[in-house]
Every structure is written in structure tokens, then in C-alpha cells.
Amino acid sequence: MKKILIATVKPFATAAIEQMKALLDEAGYEMLLLEKYEDKQALLDAVKDVDALVVRSDKVTEEVLNHAEKLKIVVRAGAGYDNIDLDAATKNNVVVMNTPGQNANAVAELVLGLMVMMARNKYNGKSGTELKGKTLGIHAYGNVGKNVARIAKGFEMNVVAYDPYVSSEIVECDGLKDYENVEDMYRDAQYISLHIPANEQTIKSINYDLLKLMPENAVLINTARKEIIDEDGLLKIMTERPDFKYISDIAPDKKEEFESRFADRIFFTPKKMGAQTAEANINAGVAAVKQIINFFEKNDLTYKLN
Ligand code: 3PG
């Protein structure tokens with residue numbers, strides 16, 4: 001009987017686990033659950049004789065992969081796969097997949113929720129501003145970016161986008177102005193929402209030179225990855241510009257400095273909350289399990305990343 005390990009420091013909602021288990025039971029596979037584990041050793045021990053692994057942002061390092069003697073597939077139940085060592089997986093003949101789009105609406109709803117909260121001064125009772133009529137620049141028009149655009153249009157925001165990997169036709173077909181040049185979008189958009197992955201090209205790419213272009217009362221929203229921000233550059237622009245605000249679903253490394261210096265102009269969730277809804281957990285968890293079953297039963301390699 002194949003063993004499928006669900007290893008999540010940040011657990012799935014109970015309803016998601018129930019649906020994942022039902023699918024695995026039906027396929028004749030055994031589901032093992034490792035939740036809220038506190039040290040790496042727990043994961044190393046748990047992967048030893050499993051055939052498949054489902055994770056969220058859990059780190060699947062070369063060490064983990066080397067410990068997993070029977071492992072054939074890892075599915076990252078979510079979009080970003082910067083937590084998985086793809087080269088080490090390939091070396092170990094382990095297929096890696098993600099479940100793109102499954103948690104996109106959850107992240108997008110959080111983006112707008114955070115924006116409203118900041119526009120209303122974190123609900124401190126003072127007069128705030130509205131989103132209607134303001135320009136929102138979407139930096140990367142993938143699954144999350146598209147959902148942010150859809151919801152922001154409901155707020156009657158002027159939504160624009162920049163994504164060098166998505167054709168203008170696609171962006172314009174959704175009724176958005178498409179920018180060819182990232183600087184131009186930053187110049188025009190009071191709000192910028194980041195949806196780029198963390199990789200060699202993007203790490204620290206959101207830097208002082210880019211941020212200084214943003215117009216008055218700039219608000220930067222980061223529900224992507226903390227690594228894409230050049231924190232020194234962000235600290236510099238926030239020092240120079242008392243109108244500049246930063247909202248993030250991931251606390252920066254220099255969290256204490258941001259909090260002590262710019263308390264009214266920042267907000268960080270206590271842990272990554274974007275995909276933390278029952279619906280997103282069900283979507284991503286069920287998709288992960290289905291992909292594993294289809295991989296073993298039909299050699300289906302859809303969403304293979306390596
Ligand atoms: C993703 O990349 O899918 C999101 O950042 C969600 O990550 P999480 O599963 O750790 O909440």
C-alpha cells in the first residue's frame with residue numbers, strides 16, 4: 001500500500017484533511033499526517049519510507065530528499081515552490097509539482113482586505129481614504145494577479161499591470177492597461193501589489209530606485225515573498241517619504257526596525273495568511289492528492305516542475 005505523507009508546519013483546515021483522506025482511502029493509499037512539527041528531524045524521520053509527500057511552505061531540502069528512500073513525488077499544495085530543492089529532487093528521481101491557481105482567490109481577497117484596512121488607518125477611528133478611483137498596479141499577472149484585478153475592479157479602481165511573461169492581449173482583454181516597462185507602472189500607480197515569485201532574477205528586485213518612482217501616498221502590498229524586497233531600500237524610501245506605506249503578508253527580516261520606526265505605516269500578518277482559508281486548503285490539498293493519484297495510476301505529469 002502506497003504511503004502519502006502530508007507534512008505541514010502550518011496545518012490544512014480539518015475539512016481539507018477529511019477530503020484528502022477520503023480520496024486517498026478510495027484509491028487504496030495510506031495517508032500519514034505530520035502537522036505543526038517543530039524540528040527538521042521530525043520531517044526527516046517521517047519521510048523515510050513514504051512514496052509521496054504533500055507540503056505547503058515546508059522546506060524540502062536535499063537532506064530531506066536524501067532521507068526519503070522510496071519517495072517518487074512531492075506536491076507543493078500551493079503556487080510558490082521556492083521551498084523545494086528542484087535540483088536535488090531531480091538527482092533523486094523525485095518528481096515535483098505545484099497546484100497553481102488553487103489558492104489564488106484566497107490570496108487576492110487578502111490583498112484587498114489589507115488595502116482597505118490601511119486606507120482606513122488600521123481602523124483607528126480617524127478619517128481615511130477610499131480605494132475607488134485610485135490606480136492599482138499589479139506586478140505579475142498570474143493567477144493571483146488576475147484575481148486581484150477582478151476584485152479591485154469591483155472597487156472601481158483603475159487597475160493596470162506589468163508582466164513581461166504575459167502577452168498584452170491577455171492583459172488588455174481583461175480591460176487593464178498593460179505596461180511594457182515596469183518603471184512606468186510604478187510611476188503611475190499609487191498602489192502596487194506584488195505577485196512575482198522569489199528566484200534569482202527577482203530577489204531584492206523591489207528596490208529603492210523602483211519604489212522612489214511611486215506617486216504620493218504610495219502603498220506597497222506584498223503577499224508574495226519577503227525575499228523579493230530590498231529591505232534597506234524600502235527602509236530608505238520610508239525614511240524619506242512619510243507618505244509611503246508597506247503592507248505585507250510576510251514580516252520582513254528587519255521587522256523590529258520597521259515596527260519601531262514606522263508603526264502607523266506598516267502592517268505585517270503574524271504568519272503567512274494568504275492561502276489560509278478553508279476553501280483554499282480544500283482546493284490545494286485535494287488538487288495535490290488527485291495529482292499524486294493520477295501520477296501513480298496514469299503517469300500524469302501535469303504541473304511537473306523539474
Ligand atoms: C503559495 O505559494 O501558494 C502561497 O504563498 C501559500 O503558501 P502556504 O501554503 O505556506 O500558505
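Residues numbered from 1 in each chain as written. Predicted model: local features only at pLDDT ≥ 70, side-chain atom pairs only at ≥ 80, totals over all residues. Heavy atoms only, no water.

Our focus in this paragraph is the sheet that holds strand S5 (residues 95-98). Here we have five strands laid out as an open sheet, ordered S2-S1-S3-S4-S5, and parallel in their pairing. At either end of the open sheet lies a strand with only one pairing partner, and these are strand S2 (30-35) and S5. Recorded for the sheet is a direction-independent mean angle of 20° between the axes of neighbouring strands. Pairing between strand S1 (residues 3-8) and strand S3 (residues 52-55): four bridges, direction parallel. Residue pairing for S3: isoleucine 6 is matched across the bridge by valine 54. Where helix H2 (residues 40-47) meets the sheet, its contacts fall on S1, S2 and S3, and the angle it forms with S1 comes to roughly 170°. Sheet contacts for helix H12 (residues 278-298): S1, S3, strand S4 (73-76) and S5; angle to S4, the most-contacted strand, approximately 155°. (Pairing = 2+ DSSP bridges. Helix = DSSP H or I, 4+ residues; strand = E, 2+ residues; numbered from the N terminus. Axes fitted to C-alpha atoms, helices over the stretch in contact; angles between N-to-C directions. Contact = heavy atoms within 4.5 Å.)

Further remarks concern the site of the ligand. Around the ligand lies a shell formed by Lys10, Arg56, Ser57, Arg76, Gly78, Ala79, Gly80, Asn103, Arg225, Lys272 and Ala275. Within the side chain of arginine 56, one N or O atom sits 2.9 Å away from an oxygen atom of the ligand. The backbone of alanine 79 places a nitrogen or oxygen atom 2.6 Å from an oxygen atom of the ligand. Summarising the interface, the protein chains cover 95% of the accessible area of the ligand, which totals 310 Å² for the free molecule. Here the residues of the shell around the ligand sort into two nonpolar, four polar and five charged. (Near = heavy atom within 4 Å. Polar contact = N/O pair within 3.5 Å; in protein donor to acceptor, adjacent residues only side chain to side chain. Areas by Shrake-Rupley, 256 points an atom, 1.4 Å probe, with all protein chains shown as cover. Nonpolar A, V, L, I, M, F, W, Y, C, P; charged D, E, K, R; others polar.)

Among the nonpolar cores identified, the biggest contains 33 residues, and Tyr186, Ile206, Leu211, Leu220, Leu234, Met238 and Phe244 are the most heavily contacted of them. Taken together, the elements giving at least two residues each to this core come down to strand S7 (158-162), helix H8 (182-188), strand S9 (191-194), helix H9 (208-211), helix H10 (231-240), helix H11 (255-262) and strand S12 (266-268). Counting residues per element, this core draws most heavily on H10, which supplies four residues. Val107, Ala108, Leu131 and Ile151 belong to the second largest nonpolar core, which has 29 residues in total. (Core = buried A, V, L, I, M, F, W, Y, C linked by side-chain atoms within 4.5 Å. Buried < 20%, exposed > 50% of the residue type's maximum accessible area, 1.4 Å probe, protein only.)

Turning next to the packing of aromatic side chains. Counting across every chain of the model gives six aromatic pairs. Look at tyrosine 246 and phenylalanine 258: their rings are 6.2 Å apart centre to centre, the planes differ by 40°, and that puts the pair in the tilted class. Here phenylalanine 258 lies in helix H11 and tyrosine 246 lies in strand S11 (residues 245-248), a separation of 12 residues in the sequence. No difference in accessibility class separates tyrosine 246 from phenylalanine 258, as the two residues are buried. Aromatic pair phenylalanine 295 and phenylalanine 296: ring centres 5.1 Å apart, planes at 65°, arrangement edge-to-face. Judged by its relative accessible area of 11%, phenylalanine 295 is buried. The structure contains a cluster of three or more aromatic residues connected by ring pairs, namely Tyr246, Phe258, Phe262 and Phe268. A cation over a ring is seen here: lysine 2 above phenylalanine 296, with NZ or CZ 5.0 Å from the ring centre. (Phe/Tyr/Trp six-rings, centres within 6.5 Å; stacked < 30°, edge-to-face > 60°. Lys NZ or Arg CZ within 6 Å of the ring centre and 35° of its normal.)

Right, let's talk about the domain arrangement of the protein for a bit. We note that the domain assignment places domain 1 (3-102 + 277-298) and domain 2 (104-268) within the protein. The straight-line distance from the C-alpha centre of domain 1 to that of domain 2 is 31 Å. With eight residues of domain 1 in contact, the opposing surface of domain 2 contributes five residues. Here domain 1 meets domain 2 over a buried area of about 460 Å², counting both sides, of which 46% is carbon and sulfur. (Domains from an automatic or database assignment. Buried area = accessible area lost by both parts, 1.4 Å probe.)

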